[in-house]
Amino acid sequence: MARELRARGLRVSPSTVHLIWTRHGLAHGYQRLLRRRREAGTEKGLSPSQRSLLQRMRVSRRHGAAGLGRERLIIAAARVLGERGYEGASLSRIGAAAGILPGSLYHHFKSKEDLFINVHAEGFKQLNEAIDSALATAGKDPWSRLEAACAAHLTLLVGSPDVSLVSGTSLFHTAPPALQRRLNRDRDAYEARYAALIAALQLPPQVDAKLLRLNLLGALNWTRMWYRPGKRHPKALAQHLVQVILRQPLGRAIRAPSPNSV
């Protein structure tokens, strides 16, 4: 506003403009948009961008510092992070996805890094809870338990909220080294669960259990790149991957006589 006034020959400083606005109850952009709306008699008197901004300001003011749930912000952030990765997900985009102003995010999170860590942690929390539930009814057969864990993972990854998707897509997006080290804590703890499930299998001696785990998790997370809803259920994909691709060939390798025994 000060620049506009100076362009018209009126030498007014930004602080003076703010003082005038304050005296007339117009210190904040929200108040100025409300005044413009009242003068126009309807929101149609505002431009589309002004109407969008006014709506977001109303949401931010209505929910305030504590009213807007963290869950809503985490879901919106997960959607943007899943699409654009850490570097491409700006706070303005996340705020727009949540329907609030970017500054309102700081009521809940200290920074974009803090928000990303919370989204990532929530994604792994959901995955761990899904696996806990699946293993509770999977029985004692180690291959069936591995299949149940894979089915739970795939079900969340391809058919549920964006939050779980971030845990899988974090493999395909890089983050700054210091942040990546913090993210790896969740990932390492999750991978340890698969290491334990694989350790319970009867595998041929030549099979490297670590490589099997890494290849298995890579196959699971890559599914989101080609999966199309409505064709095969995630549970069917898990059954084929574990029982057909892994168990049957490895079982034959165990039963086959060694060259020295022939």
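Values in this document were obtained by computation on a predicted structure and should not be read as measured data. Along each chain, the written sequence defines residue order, and numbers are assigned to residues from 1. Two thresholds apply to this predicted model, a pLDDT of at least 70 for residue-level local features and 80 or more for giving and counting side-chain atom pairs, whereas whole-chain, interface and lining totals are computed over all residues. In computing side-chain properties, one takes all heavy atoms of the structure into account and sets aside hydrogens as well as water.

### Quick word on the overall build of the protein
Helix and strand content of the protein: 12 helices and zero strands. Only DSSP runs of H or I reaching four residues or more are called helices, and only runs of E reaching two or more are called strands; each is numbered from the N terminus. Across the protein, helices and strands are ordered from the amino to the carboxyl terminus as α-α-α-α-α-α-α-α-α-α-α-α. The contact rule is simple, with two residues in contact once any of their heavy atoms fall within 4.5 Å. Summarising the internal contacts of the protein: among those between residues at least 6 apart in sequence, 65% fall at separations of at least 24. Here the protein has roughly 15200 Å² of accessible surface; of this, 53% comes from carbon and sulfur atoms. Only the protein chains shown count as covering a residue, and every accessible area follows the Shrake-Rupley method with a 1.4 Å probe.

### Looking at the packing of aromatic side chains
Each Phe, Tyr or Trp ring (for Trp, its six-membered ring) is paired with any other whose centre lies within 6.5 Å, and the angle between the two planes then decides the class: stacked below 30 degrees, edge-to-face above 60, tilted in between. Counting across every chain of the model gives two aromatic pairs. Members of the aromatic cluster, joined through ring pairs, are Phe-124, Tyr-190 and Tyr-194.

### A look at the pattern of salt bridges
Pairing between side chains becomes possible if they bear opposite charge and their charged atoms approach one another. Only one rule defines a salt bridge in this text: a Lys or Arg side-chain nitrogen within 4 Å of an Asp or Glu carboxyl oxygen. Inspection of the entire model under this criterion finds six salt bridges. A salt bridge links Lys-125 to Glu-129, with the shortest nitrogen-to-oxygen separation between them at 2.9 Å. In this pair, Lys-125 and Glu-129 both sit in helix H7 (residues 112-135), four residues apart, roughly one turn of the helix. Think of it in three bands: with a 1.4 Å probe and only protein chains considered, a residue is buried below 20% of the maximum accessible area for its type, exposed above 50%, and partly exposed in between. Relative accessible area serves as the criterion here: at 42%, Glu-129 is assigned to the partly exposed category.

### Some details on the environment of Phe-109
By the secondary structure assignment, Phe-109 is in the loop between helix H6 (91-98) and H7. Excluding its chain neighbours within four sequence positions, the residues that come into contact with Phe-109 are Arg-70, Leu-73, Ile-74, Asp-114, Leu-115 and Asn-118.

### Structural notes on the layout of surface pockets
The pocket and cavity definitions rest on a 1 Å grid over protein atoms only: a 1.4 Å probe that fits but cannot leave marks a cavity, an open set with protein on both sides within 12 Å along at least five of seven lines marks a pocket, and residues lining either have an atom within 4 Å of a point. Grid points are joined across faces, edges and corners, and a volume is the space filled by probe spheres set on the points. There is about 150 Å³ of room inside the second largest pocket. Together, Leu-154, Ala-219, Leu-220, Thr-223, Trp-226, Arg-232, Leu-237, His-240, Leu-241 and Ile-245 line the second largest pocket. Among the secondary structure elements, those contributing two or more residues to the lining of the second largest pocket are helix H11 (209-226) and helix H12 (234-255). Throughout, the ten residues Ala, Val, Leu, Ile, Met, Phe, Trp, Tyr, Cys and Pro are labelled nonpolar, Asp, Glu, Lys and Arg are labelled charged, and all others, Gly among them, are labelled polar. Here the residues of the lining of the second largest pocket are counted per class, giving seven nonpolar, two polar and one charged.

### Here we look at a nonpolar patch on the surface
In this analysis, a patch consists of residues with relative accessible area above 30% that form no salt bridge, clustered at 9 Å for like charges and at 5 Å for the nonpolar side chains Val, Leu, Ile, Met, Phe, Trp and Tyr. Together, Trp-222, Met-225 and Trp-226 make up a nonpolar patch on the protein surface, roughly 350 Å² of accessible area in all. Inspection of the secondary structure assignment puts Trp-222 in helix H11.

### What to know about the confidence of the model for the protein
Looking at any residue, its pLDDT shows the predictor's confidence there, from 0 to 100. Across the protein, pLDDT averages 79, with 77% of residues at or above 70. This stretch, residues 64-68, has a pLDDT under 50; its non-local contacts, to residues over four places away or in other chains, come to eight contacts.

### What to know about the environment of Phe-116
Counting through the fold element by element, Phe-116 comes out in helix H7. Note: C-alpha distance between Phe-116 and Leu-81 (35 residues apart in sequence) is 8.0 Å.

### A few points about the nonpolar core
For our purposes a nonpolar core is just a set of buried Ala, Val, Leu, Ile, Met, Phe, Trp, Tyr and Cys residues, chained together by side-chain atoms within 4.5 Å. Grouped together as the largest cluster of nonpolar side chains are 34 residues, with contacts concentrated most on Trp-143, Leu-146, Cys-150, Tyr-194, Leu-216 and Leu-220. The set of elements that each furnish at least two residues to this core consists of H7, helix H8 (142-159), helix H10 (177-199), H11 and H12. Per element, the largest residue contribution to this core is 11 residues, and it comes from H8. Beyond its immediate stretch of four places on either side in the chain, Leu-216 contacts Leu-146, Cys-150, Tyr-194, Ile-198, Leu-241 and Leu-246. Judged by nonpolar contacts, the second largest core, of 21 residues, contains Val-80, Leu-91, Ala-98 and Val-119.

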